[in-house]
Amino acid sequence: MDNIQKQFLDDIAAAVTSDQIEQVRVKYLGRKGIITLFAKNADFSKMTVDEKKEFGVKLNELKNLATQKLQDSQQMSNVSETVGKSAELDLTLPGNARSLGALHPITMVQMELETVFEGMGFRVLYGHECETEFYNFEALNIPADHPARDMQDTFWLTNGRILRTHTSASQVRSLHRFGAPIRAIFPGRCFRYEAIDPSHENTFYQCEGLVVDKDISVANLIAVMKTILSEVFKRNVAVRLRPGFFPFVEPGFELDLQCLFCGGKGCPTCGDGWIELIPCGLIHPKVLEAGNINPGEYSGFAFGVGLTRLAMMKFGIRDIRHFNSGDIRFNEQFGVIL
Ligand code: PHE
């Protein structure tokens, strides 16, 4: 037993890692361990009663000693492993920076428009993305059988409402709510049944504008359009007005912006050098009537800025599909990190 004890003490002293200590435990106290077998194979037949007693006591002492030493070593090794790990912790290293995100380019353009329009006395209203058929179509002089509905197919909800196809849906809504005179813009998200390509999306943003007052004319409309575009692009931009048809304006126009990518020469983004940007016109008398406004007394203009298109122009984004991609790297290119 003295030999075993000596051998054990050498072994345990040499064991450092908890694996090595475990090996020592198995070697001595395992089922086929040295101490275990020694106890099992002891020949008691030749021992006196006193010798048996002494043998038993010594064997227990040896077992206890081994168990205790193993436990102590195991504890020591845990401590040193932890200390070893914490030695790898360097508190002077810079932490992991957490990205807080960035404003979406459409949000940035929207905020900019809101500021410019507020400076001109417009109020900002947000309208309803989920609209009634009445405000989205009927009130805007687009009855159920009107062909204009074909171009604005959308998502119909089971409760009979629709996802608005344009922010124009807020025109009569705001007339009902605030009456005339009114100056307001309605920026927001719109939805259409569209085949997606570099310049079409089923989900896009517009910013509607509405002015109703006495003696409003096309001259007022053009002046306001020029002011915002030069504010947004921070330079003089070329625009042109073409006649355009929308059932809720009379006369109606398409305001085109000269392409800022190619300077009007023609490119894949614009086609012929012009970007269709702001459909507009004087409000149709039927729309004023739907809003309980007397067309004999009041007139007004309305416009629908393609917010998504405007952002594409302003930031040089050539494919509309980036906007809804959800790729943070896209957003982060445009500056303001909050
Ligand atoms: N709502 C029209 C569209 O989305 C645009 C528009 C707005 C036209 C206001 C005229 C006046 O196509």
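This is a predicted model, so every value here is computed, not measured.

**Student:** Explanation requested: the nonpolar core in the structure shown.
**Tutor:** In globular proteins that are soluble, nonpolar side chains generally tend to be buried together. Within the largest apolar cluster, 45 residues are counted, with the highest numbers of intra-cluster contacts made by L113, F303 and L310. If you list the elements that add at least two residues to this core, you get α5 (105–119), β5 (203–213), α9 (218–233), β7 (249–258), β8 (274–283), β9 (299–306) and α11 (307–315). If you look at the next biggest cluster of nonpolar residues, it comprises 24 residues, including L125, A139, I142 and Y298.

**Student:** Would you take a moment to explain the site of the ligand for this structure?
**Tutor:** Taken together, the neighbourhood of the ligand is formed by 14 residues, with H166, S168, R192, Q206 and E208 sitting nearest. H166 is positioned with one of its side-chain polar atoms (N or O) 2.8 Å from a nitrogen atom of the ligand. Within the side chain of S168, a nitrogen or oxygen atom sits 2.7 Å from a nitrogen atom of the ligand. Across the complex, the protein chains shield 95% of the 320 Å² of accessible surface that the ligand would expose by itself. Mapped by element, the contributors of at least two residues to the shell around the ligand are β5, β8 and β9. No other element matches the three residues that β9 contributes to the shell around the ligand. Counted by class, the shell around the ligand contains seven nonpolar, five polar and two charged residues.

**Student:** Would you mind showing me how to read unusual backbone geometry here?
**Tutor:** Among all residues except glycine, the phi angle is most often negative; among peptide bonds, the trans geometry is most common. Residue P181 follows A180 across a cis peptide bond; omega there is -5°. With respect to the helices and strands, P181 occurs in the loop between α8 (169–178) and β4 (182–191). Here the residue pair E250 and P251 is connected by a cis peptide bond, since its omega of -5° sits within 30 degrees of zero. By secondary structure assignment, the location of P251 is in strand β7. For D215, which is not glycine, the phi dihedral falls at a positive 55°. On the accessibility criterion, D215 (72% relative accessible area) is exposed. Of note in this structure, N292 is not a glycine but carries a positive phi near 65°. With respect to the helices and strands, the residue N292 is situated in the loop between α10 (285–290) and β9. We classify N292 as exposed; its relative accessible area is 66%.

**Student:** Please clarify how the pattern of salt bridges should be interpreted in this entry.
**Tutor:** Oppositely charged side chains can pair when the atoms bearing their charge come close. In this structure the tally under the stated criterion is 16 salt bridges. As a salt-bridge pair, E22 and R25 come within 2.9 Å of each other at their nearest N and O atoms. One end of the pair, E22, and the other, R25, are both in helix α2 (residues 18–29), three residues apart, so they sit about a helical turn from each other. You can call E22 partly exposed: its relative accessible area is 33%. Exposure remark for R25: the relative accessible area of 34% places this residue in the partly exposed category. Among the salt bridges present, the one from E133 reaches R149, with a minimum N-O distance of 2.7 Å. Placement of E133 in helix α6 (residues 133–136) and of R149 in helix α7 (residues 148–151) is noted, with a sequence separation of 16 residues between them. Judged by its relative accessible area of 26%, E133 falls in the partly exposed class. Owing to a relative accessible area of 12%, R149 belongs among the buried residues under this scheme.

**Student:** Quick question: what am I supposed to make of the side chain of R173 here?
**Tutor:** Relative to the helices and strands, R173 resides in helix α8. Side-chain polar atoms of R173 contact the side chain of H128, separated by 3.4 Å. R173 has contacts with H128, E131, Y135 and R161, leaving out every residue within four places of it along the chain.

**Student:** Would you explain the environment of N236 in this entry?
**Tutor:** Position of N236 among the secondary structure elements: in the loop between α9 and β6 (239–243). Its relative accessible area of 74% is what places N236 among the exposed residues. Here the alpha-carbon distance between N236 and Q7, two residues 229 residues apart in the chain, equals 94 Å.

**Student:** For this particular structure, what's the right way to read the packing of aromatic side chains?
**Tutor:** In this description, an aromatic ring pair is defined by two values, namely the gap between the centres and the angle between the planes. One pass over the full model with this rule turns up eleven aromatic pairs. Ring geometry for F323 and F330: centres 5.8 Å apart, planes at 90°, overall edge-to-face. Using a relative accessible area of 8% as the deciding quantity, one classes F330 as buried. Cluster of aromatic residues (ring-pair linked, three or more members): F117, F122, F301 and F303. The ring of F315 carries the charged tip of K314 above its face, separated from the ring centre by 6.0 Å. Stacked on the ring of F261, the Lys or Arg R318 has its end atom at 4.4 Å from the ring centre.

**Student:** What is the right way to look at the environment of W156 in this model?
**Tutor:** For W156, the position within the fold is in the loop between α7 and β3 (162–163). Between the C-alpha atoms of W156 and E131, which are 25 residues apart in sequence, the distance is 9.9 Å.

Definitions and cut-offs
Residues numbered from 1 in each chain as written. Predicted model: local features only at pLDDT ≥ 70, side-chain atom pairs only at ≥ 80, totals over all residues. Heavy atoms only, no water. Core = buried A, V, L, I, M, F, W, Y, C linked by side-chain atoms within 4.5 Å. Buried < 20%, exposed > 50% of the residue type's maximum accessible area, 1.4 Å probe, protein only. Helix = DSSP H or I, 4+ residues; strand = E, 2+ residues; numbered from the N terminus. Near = heavy atom within 4 Å. Polar contact = N/O pair within 3.5 Å; in protein donor to acceptor, adjacent residues only side chain to side chain. Areas by Shrake-Rupley, 256 points an atom, 1.4 Å probe, with all protein chains shown as cover. Nonpolar A, V, L, I, M, F, W, Y, C, P; charged D, E, K, R; others polar. Salt bridge = Lys/Arg side-chain N within 4 Å of Asp/Glu carboxyl O. Contact = heavy atoms within 4.5 Å. Phe/Tyr/Trp six-rings, centres within 6.5 Å; stacked < 30°, edge-to-face > 60°. Lys NZ or Arg CZ within 6 Å of the ring centre and 35° of its normal.

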